[in-house]
Structure formats: C-alpha cells, structure tokens
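The residues making up each chain are set out below.
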Amino acid sequence: MSRNLLWIVALASPCVVPASDAPIRPDVKMERLVLDDGEDASVWYNGSPEETTVSCGSEHVKQGRFAIKFANVVDHTKGEKNYPVGWPRTGKDLAKLKRTDWSEYDYFECWIYAKTSRESLPKVPLGIGFYHSGPKQSTHIPLKQVKKDAWVKIVIPVAEMAAPEDVQRVQFNISEADYKHGDQVEFYIDDMALTRFATAVVAELVLSRTVLYANDPVLTAVYRLAGRQPADDLAAEFAIGRGPDEPAASVQAKASRQGEVSLTLKRNIAPGMYWARLGLRDARGQWLDQKTVELRVIAGPFE
C-alpha cells in the first residue's frame, strides 16, 4: 500500500477534505495554542461588506466575553459583479501572529454557534478554508455538522491540509447558492486553537495486507504519529504475535512523523489470527504508545 493511501494530503489545490473528529484519548494530555479568542473583531477581515457584518458578539459566547459574529443577509443581486450569488466570507490573517507553521500540531479546533431566520440550515451551512502561499493554494472543508441554535465543536486534523507548515490565513464562508434570497444567518466563532497530544502517539496504522499467506516473506506497516515529538531518538517497533507472550516476529526502526517499517517473516507461519502492533519506545526503551490491529494468516490463496 502506498503512503498516499494512508494520509489524505492533497498536493493539488484547492483540495477538499471532510471535517472529522479527534480520536478520544483521555489518557493523553492535550496542549493548546490559541489562534483567536473572539475578543477582537478588528483583526478579522470582511470579504463581503455589502452582505456581511463582522463584529464581537455577546449573544452567544463559548468562553470569555465575546465571540466573533459573522452575520449575513443573503442577497442574490448584490456582491461581486460577476458573482452576485457568491460566497460571503470573513477570516483572519496569521502571518502577523507568526503562527503559520502548524506542522507540529495535530488538530485545528474551534466552536461555532449558528442562528438563522430559516426553519433549518442547508446541508452545508458553512465552509472553512486554509490558505497557503502560492497562487490558489488552499484546503477547503465543508462544515456539515454545524447546527441551528447549538454550539458545535469543529475538529480538523492538520495532516489533512495541503500544506500544514504554511497556513497563511483561516477563512469562513457561506455559499449563497445554498440559501434563499433574503435569508438571514449568523455564525458565532469562538475559541479557535491548535491542539496536539502532549506526548507522541500512534495516530494511524495500516498494514500492507490484512490477510497473509503462510509463506509470505514480508509484512509492511505504514503509520502516522501525532503529538509532541521528543528531542531524543524515537524507535518504532513493529511486531506480530498470537497471544500475550513474546512476539512471533519483530523489528525496530527509527521513527518519523510519517513512515513505514517492514518485517521479515520466517517461512511457513502457522495459520490463524494474529495481532500486529506498532509501538513507540523512547531513548531509554520505555513504551510511549502503541496501536494494534488484527491480522489473519492462511495457508495459501485457495484456503
């Protein structure tokens, strides 16, 4: 399996990826870097002033005194001359904050509250874009999970962005084609931050094969790490086994944030169900984290 099949990092732009949830790891502390606390609307731009107002709103607040209020009156006749049914938008430039390199973080997070004159929101009520350097370099994500009259936490893996090391600005927009002329819709955006696990964790593990022939010579694991990476060398240990005893086979390699490790297998492994584990060891040989998946071994292709 190629590495490109494991983590969806589109190099063409713009790319569109779905928003997703962060893995639940109550055993690992999270670190946060605040990008915006909703207390100062002057650092946000208004890309559609004829239809949009951007201000600090106190009607719906997740934390602090204010949230950024992105208010729109949908007008299918105004706006940009060539696109009257367009994309009202607001956003924040990050270059001045010197917070454009997100590669050491795991997730972008924020809270959003929606209020509207409609009975219900459209299927895609709001979108978010992450803009990178270069012409038309961006990552766009539809925020289908936003709800009317409710706070919703948005969690987006940084690894799914086209250029996580270069995020120049964050932008929220609606598509007027999804709304009727005259609709009123407001979004309150609060507590925008980058987060990461405080220690290194195995975020993803995919095997080159989940059904193995008994005489296959090699099994490869493709993995992605998350969390704060230690300054000391980190080892990735890939092993397979059948029970709680010592692994049937194992190998160690220097770990990287995204990588793969291949395990040479002895001939004629006994058929049955096995576990396959990718673990992390620090420079002292102590376990930091591990992820396990199931593996089936069969005698041959006609079993």
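Residues numbered from 1 in each chain as written. Predicted model: local features only at pLDDT ≥ 70, side-chain atom pairs only at ≥ 80, totals over all residues. Heavy atoms only, no water.

Caption draft 1: The arrangement of unusual backbone geometry in detail. The backbone of K98 sits at a positive phi, close to 60°, despite the residue not being glycine. The exposed category is assigned to K98, whose relative accessible area is 77%. Although it is not a glycine, D191 adopts a positive phi angle of roughly 50°. Here D191 lies in strand β12 (residues 184-197). Residue classification places D191 among the buried residues on the basis of a relative accessible area of 16%. (Buried < 20%, exposed > 50% of the residue type's maximum accessible area, 1.4 Å probe, protein only. Helix = DSSP H or I, 4+ residues; strand = E, 2+ residues; numbered from the N terminus.)

Caption draft 2: Focus on the side chain of D106. Along the chain, the position of D106 falls in the loop between β6 (89-93) and β7 (107-116). Judged by its relative accessible area of 5%, D106 falls in the buried class. Polar side-chain contacts of D106 include one of 2.8 Å to the backbone nitrogen of G227. Here D106 is in contact with I156, P157, V158, T195, R196, F197, A226, G227 and R257, once residues within four sequence places are set aside. (Polar contact = N/O pair within 3.5 Å; in protein donor to acceptor, adjacent residues only side chain to side chain. Contact = heavy atoms within 4.5 Å.)

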